[in-house]
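Analysis of the macromolecular model
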Amino acid sequence: MLNTKVEKDATLAPWVAGAAGGLRRRARVGWSDADVSSCAPYAPLRETVAGQRDTWARAEAALLGKDQRRPYGAADLRWALATVLTRSFSGPFEGTSPKQRFALIGFAAWLAVGYVVGGFGDASTAAQGFVAVSLGSVLSDYLVSKDESLDLQRHVLAPGVDFLNHVGAAAEDDAAASYEYFADAFAVNAHRDYDAGDEVHASYGKKSNAQLVANYGFLEPGNPFDDYVFPDAYPFPPLRGARVTRTGFDEATAKAAVAYSGSTDAARENLVKACSAQAAAIRATPSGNGLLDALGEEHAAILAALADATEKSAMLG
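Residues numbered from 1 in each chain as written. Predicted model: local features only at pLDDT ≥ 70, side-chain atom pairs only at ≥ 80, totals over all residues. Heavy atoms only, no water.

Looking now at the overall build of the protein. Helix and strand counts for the protein stand at 13 helices and eight strands. A buried classification covers 33% of the 317 residues belonging to the protein. For the protein, the computed accessible surface area is about 17700 Å², with 57% contributed by carbon and sulfur atoms. (Helix = DSSP H or I, 4+ residues; strand = E, 2+ residues; numbered from the N terminus. Buried < 20%, exposed > 50% of the residue type's maximum accessible area, 1.4 Å probe, protein only. Areas by Shrake-Rupley, 256 points an atom, 1.4 Å probe, with all protein chains shown as cover.)

A cluster of nonpolar residues, Phe107, Trp110 and Leu111, forms a patch on the protein surface that exposes about 360 Å² of accessible area. The topology assignment puts Leu111 in helix α7 (residues 98–117). Taking the relative accessible area as the measure of exposure, Leu111 reaches 42% and is therefore partly exposed. (Patch = residues over 30% accessible without salt bridge, like charges linked within 9 Å, V, L, I, M, F, W, Y side chains within 5 Å. Salt bridge = Lys/Arg side-chain N within 4 Å of Asp/Glu carboxyl O.)

With respect to burial, helix α10 (residues 209–216) is a largely interior element, seven of its eight residues being buried. What α10 keeps buried is the set Asn209, Ala210, Leu212, Val213, Ala214, Asn215 and Tyr216.

Taken N-terminus to C-terminus, the directions of helix α5 (residues 43–63) and α10 make an angle of 25°; their axes are 10 Å apart at the nearest point. As summarised for this structure, α5 and α10 are arranged roughly parallel, according to the angle between their axes. Note on packing geometry: the crossing formed by α5 with α10 is right-handed. Of the residues in α10, those in contact with Leu45, Thr48 and Val49 of α5 are Ala210, Val213 and Ala214. For the contact of α5 with α10, the per-class residue count stands at five nonpolar, one polar and no charged. (Axes fitted to C-alpha atoms, helices over the stretch in contact; angles between N-to-C directions. Parallel < 35°, antiparallel > 145°, perpendicular 65-115°, else oblique. Left-handed = near helix turned anticlockwise from the far one by under 90°. Contact = heavy atoms within 4.5 Å. Nonpolar A, V, L, I, M, F, W, Y, C, P; charged D, E, K, R; others polar.)

We now examine the nonpolar core. Among the nonpolar cores identified, the biggest contains 34 residues, and Leu45, Phe230, Leu239 and Leu303 are the most heavily contacted of them. At the level of elements, α5, α10, α11 (251–261), α12 (264–284) and α13 (290–312) are the ones that each hand at least two residues to this core. The dominant element in this core, judged by the number of residues it contributes, is α12, at seven residues. Non-local contacts of Leu45, meaning those with residues more than four positions away in its chain, are made with Trp31, Cys39, Ala210, Val213, Ala214, Leu292 and Leu295. (Core = buried A, V, L, I, M, F, W, Y, C linked by side-chain atoms within 4.5 Å.)

Turning our attention to the packing of aromatic side chains. Per the counting criterion, the structure on display carries seven aromatic pairs. Aromatic pair Tyr228 and Phe230: ring centres 5.3 Å apart, planes at 80°, arrangement edge-to-face. The same class applies to Tyr228 as to Phe230, namely buried. (Phe/Tyr/Trp six-rings, centres within 6.5 Å; stacked < 30°, edge-to-face > 60°.)

For the pair α12 and α13, the least separation of the axes is 8 Å and the interaxial angle reads 160°. On the basis of their axis angle, the class for α12 and α13 is roughly antiparallel. The handedness of the crossing between α12 and α13 comes out as left-handed. Where α12 approaches α13, its residues Arg268, Leu271, Val272, Cys275, Ser276, Gln278, Ala279, Ile282 and Arg283 are matched on the opposing element by Gly296, Glu297, His299, Ala300, Ala301, Leu303, Ala304, Leu306, Ala307, Thr310 and Glu311. Here the contact of α12 with α13 is built from residues that sort into 11 nonpolar, five polar and four charged.

With that settled, consider the confidence of the model for the protein. Mean pLDDT over the protein works out to 79, with 77% of the residues at or above the 70 mark. Element-level mean pLDDT values for the protein span from 46 in helix α3 (residues 23–26) up to 96 in strand β7 (residues 228–229). (pLDDT = per-residue confidence, 0-100.)

On to the environment of Gly18. The topology assignment puts Gly18 in helix α2 (residues 13–19). Look at Gly18 and you get partly exposed, because its relative accessible area is 41%. C-alpha separation for the pair Gly18 and Phe163, spaced 145 residues apart in sequence, amounts to 8.6 Å. Contacts of Gly18, omitting those with residues within four sequence positions, involve Arg87 and Phe163.

Among the secondary structure elements, Glu298 is positioned in helix α13. For the buried Glu298, no salt bridge is present, and the opposite-charge side chain at shortest range is Arg246, 4.6 Å distant. Within the structure, the side chain of Glu298 is placed 3.1 Å from the backbone nitrogen of Gly222, a separation counted as a polar contact. Leaving out residues up to four positions away in the same chain, Glu298 has contacts with Asn209, Leu219, Glu220, Pro221, Gly222, Asn223 and Asp226. (Lys, Arg positive; Asp, Glu negative; His and termini not counted. Polar contact = N/O pair within 3.5 Å; in protein donor to acceptor, adjacent residues only side chain to side chain.)

As a further point, take α11. Those residues of α11 that sit buried are Thr253, Ala254, Ala257 and Ser261. Mapping the buried residues of α11 onto a view down its axis gives an arc of 100°, with all of them on the same face. In α11, the exposed positions that point more than 90 degrees away from the buried face belong to Glu251, Ala252, Lys255 and Ala259. Where α11 is buried, its residues touch α12. Once α11 finishes, Gly262 follows within two positions and takes phi at roughly 100°, a positive value. (Arc of directions from axis to C-beta.)

Tracing the backbone through its elements, the reader meets Ala127 in helix α8 (residues 123–146). Taking the C-alpha atoms as reference, Ala127 lies 9.9 Å from Tyr115; in sequence the two are 12 residues apart.

Structure follows, in structure tokens:
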């Protein structure tokens, strides 16, 4: 990214110009100490932003040290880091690309022919070796991509695709960016018809509003994947550090509430009161930061909806 900008790559110049938005709008790297302090009421966001700022500060110290002579400065480095953070796409990591895999298979074929022509062995042995190398390459990459314990991801920048705005439900009813394996490229596939002038969206993933704020500097009203995490020191012990959504509590939280309250009905009453009280507390303590106050309102709406759903439901989960 730095080379592309500093060396003024003509091929990517239009994309670089379009990606050069303000850092404070796009990534937590541009957040000030005051911004981080404004996150204090919501620990998950505060810890994520503060941790990332520390990581990037160490990166700047390493890349912009006194003894380092670079054709770029701190502003260019932050631009590159923010661009990669906010505009890269991720997907399963296969180990090698199709082009690399075909090159390996071609080289194996060349060796097999040379093995026979050179008189080093018979065609049957050469064919067995070729098949073993070819299958080994394909199976190795397949197993690597399917092994969730490795948690390996492919991260790429796809100029043009990254201009699509996010909508949480886009994966179901709008469009989605995906890796086309045999083309070795990213593509956007529409899931419905569009009229001229319609905006095409894509999903950046199933992210909560806190994650969107931290990584991209915006939130999605009514985000279907939003959640709220109660403070670790919340007065009602079963909800301390609990993650909730507008649709219900997880099984562990529901059981803890019943055990603490003594009965399901008492637990329901306590959970409704707790959610309603926390929603009111969030709305009563604005931070003065427009984006963070909007996040607080989304969280309050989740808690209010959860209180209503809990009060009407026979089940707590």
